[in-house]
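Examination of the molecular architecture
Here are the chains, one letter per residue:
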Amino acid sequence: MEISATDLKNRLSNSESLKILDVREEIEYHTYNIGGTNIPLGMIRMVEDYNFNKSDEIIVVCQRGIRSRTACHILESLGYLNTRNLTGGLTAMRRLNEY
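Rules and cut-offs
Residues numbered from 1 in each chain as written. Predicted model: local features only at pLDDT ≥ 70, side-chain atom pairs only at ≥ 80, totals over all residues. Heavy atoms only, no water. Buried < 20%, exposed > 50% of the residue type's maximum accessible area, 1.4 Å probe, protein only. Helix = DSSP H or I, 4+ residues; strand = E, 2+ residues; numbered from the N terminus. Arc of directions from axis to C-beta. Contact = heavy atoms within 4.5 Å. Expected span 1.5 Å × (residues − 1).

On to helix α1 (residues 5-13). Inspection of α1 places Ala5, Leu8, Lys9 and Arg11 among the buried residues, and these make up the whole buried set. Taken end-on, α1 shows its buried residues confined to a sector of 165°, consistent with a single buried face. Among the structural elements, β1 (2-3), β4 (57-61), β5 (82-86) and α4 (89-95) are those in contact with the buried residues of α1. After α1 finishes, the residue Ser15 shows a positive phi value of roughly 60°.

What follows is the structure, encoded as structure tokens:
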């Protein structure tokens, strides 16, 4: 399932409590992020060590939406039932001039 940058921006603006998973490398995360938990794609199977419930909506983000799409597929194979990939990634969020 996908979520657009506009929809995510609106939900963040409404102060919704969201579970965001950023699958970029740590240096990328520290350079620019919108919050959430940073677990690089190569370590995604360690997600069970973090505070994610398999029924929670998890919004997965990366730079352009490619790694996050892969992460969503891996999470689904691990039993996470409600993952959403940020279409266009954080690049799309930046284009909205919000962050």
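Here helix α3 (residues 66-77) contains 12 residues, and its C-alpha end-to-end distance of 17 Å stays within 8% of the 16 Å for a straight helix at 1.5 Å per residue. Of the residues making up α3, those classed as buried are Ser68, Ala71, Cys72, Ile74 and Leu75. On an axial view of α3, the arc spanned by its buried residues comes to 165°, and they lie on one face. What points out from α3, more than 90 degrees from its buried face, is the exposed set His73 and Ser77. Each element contacted by the buried residues of α3 is listed here: β2 (19-22), β4 and β5. Note on α3: the residue one or two positions beyond its end, Gly79, has a positive phi of about 100°.

None of this, on its own, says anything about what the molecule does.
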